[in-house]
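Observations on chain architecture
Below, each chain spelled out in residue letters.
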Amino acid sequence: MCIVFDYIQKYPQKTKRILGISNEQFQSLVQSATKEHLKIQNEKEKQKVRINSPGGGRKKILSIPKEICLCLFYFRQIPTFEILGMLFGISKSEANITFHYWRKVVRDVLPSSLLEEVEDKEGDLIIVQEILTQFKLIVDSLEQPIDRPSDNDKQKKFYSGKKKRHTLKNQIISLPEGKDIIDIEIGFPGPTADINLFRKQQPKFDNQQEFEGDKGYQGGKNITTPHKKKKKQQLSEQQKEENRILSSKRIFVEHLIRIVKIFHIASQRFRLNSNVYEEIILTVCGLVRLRIGTLVLPSN
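Residues numbered from 1 in each chain as written. Predicted model: local features only at pLDDT ≥ 70, side-chain atom pairs only at ≥ 80, totals over all residues. Heavy atoms only, no water.

With that out of the way, let us pick up the overall build of the protein. On a plain count of helices and strands, the protein comes out with twelve helices and six strands. Dimensions along the principal axes, computed over C-alpha positions, put the protein at roughly 80 × 45 × 40 Å. Counting over 300 residues, the protein shows a buried share of 48%. Residue pairs at least 24 apart in sequence account for 63% of intrachain contacts in the protein once pairs closer than 6 positions are excluded. Here the protein displays about 16,700 Å² of accessible surface, and carbon together with sulfur accounts for 49% of that area. In the protein, the 51 positive side-chain charges and the 36 negative ones have mean positions that sit 7 Å from each other. (Helix = DSSP H or I, 4+ residues; strand = E, 2+ residues; numbered from the N terminus. Buried < 20%, exposed > 50% of the residue type's maximum accessible area, 1.4 Å probe, protein only. Contact = heavy atoms within 4.5 Å. Areas by Shrake-Rupley, 256 points an atom, 1.4 Å probe, with all protein chains shown as cover. Lys, Arg positive; Asp, Glu negative; His and termini not counted. Charge placed at Lys NZ, Arg CZ, Asp CG, Glu CD.)

Structure representation (structure tokens):
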């Protein structure tokens, strides 16, 4: 018995609440991920030296849609693998293996950002960079808690005074109104200054590209930030109004970050091996793009 899968089959309207994407988006992801899975299996088959005919061995307990459901459920809810296995009617170790296989497949199917989507096509990348100059892109960062490092130097490196705990910092650049994720930087120590992350990310864009950010980005090139009150001085009414207008534009990237954090694996303390952190967050960003409708998977 597969409790989660059976539940969303019975109540498809609740799929988004349980898996983070709608039932229609889940079905299209199953189609694309299955196609990628078959491609991987065919490549493996070509490399095998067979004695017996294919099709032997222990039969799988879960179908492909159920395995993909398991993977997405972990991204959305992050139960322990013991609980995950119980919910899908398999063992703890089988749940672990299933999740780690399908997270790689889903990652290959879902590009995490617009720049990643076109990076292999140089002509398209140049065109996209030129089109983006027509907009003021919004930039903001988010931090995620991690386990306290055992090494003393690493404790100092990753301790965030702002969050009062050890964190990793990621930075998102989005279209106005949060309509798409343009680019993302992942996995920097929590104390890293936002402006330093921005300077690292900026060369990916056209020299004339303009941005909007909060006070943490003051001093950056081609970026509009709020007026900052000087010591013993007050902001003028015009400056306050300009700050309000900028804030009303920037709020959309905050909404986008909220959607990223809907997938608890990107907001709660990261429990998996740190080596897979970047891949996990990139996969979450791909799921967010699918959820908000900017990434449309081909249908069979």
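With the rule as written, the count across this model stands at 17 salt bridges. A salt bridge links Lys-136 to Glu-210, with the nearest nitrogen and oxygen atoms 4.0 Å apart. Here Lys-136 is found in strand β1 (residues 136-145), whereas its partner Glu-210 is found in strand β5 (residues 210-212), with 74 residues between them in sequence. According to the relative accessible area criterion, Lys-136 is partly exposed, its value standing at 32%. Residues joined by salt bridges that share partners form a network here, namely Asp-140, Asp-214, Arg-250 and Glu-254. (Salt bridge = Lys/Arg side-chain N within 4 Å of Asp/Glu carboxyl O.)

Okay, the nonpolar core next. Grouped together as the largest cluster of nonpolar side chains are 64 residues, with contacts concentrated most on Phe-26, Phe-88, Phe-99 and Ile-265. If one sorts the elements of this core by residue count, helix α12 (residues 277-292) sits on top with nine residues. Residues Leu-114, Val-128, Val-139 and Ile-195 belong to the second largest nonpolar core, which totals 16 residues. (Core = buried A, V, L, I, M, F, W, Y, C linked by side-chain atoms within 4.5 Å.)

Along helix α10 (residues 194-201), the residues classified as buried are Asp-194, Ile-195, Leu-197, Phe-198 and Gln-201. In an axial view of α10, the angular spread of the buried residues amounts to 160°, which keeps them on one side of the axis. Here the buried face of α10 lies against β1, β3 (165-174), β4 (181-189), β5 and β6 (223-224). (Arc of directions from axis to C-beta.)

For the coordinates displayed, the defined rule picks out eleven aromatic pairs. An angle of 50° between the planes, with centres 5.0 Å apart, marks the rings of Tyr-7 and Tyr-11 as tilted. Judged by its relative accessible area of 28%, Tyr-11 falls in the partly exposed class. Through successive ring pairs, a cluster of aromatic residues spans Tyr-74, Phe-75, Phe-81 and Phe-99. Just above the ring of Tyr-11 sits the side chain of Lys-14; from NZ or CZ to the centre is 5.1 Å. (Phe/Tyr/Trp six-rings, centres within 6.5 Å; stacked < 30°, edge-to-face > 60°. Lys NZ or Arg CZ within 6 Å of the ring centre and 35° of its normal.)

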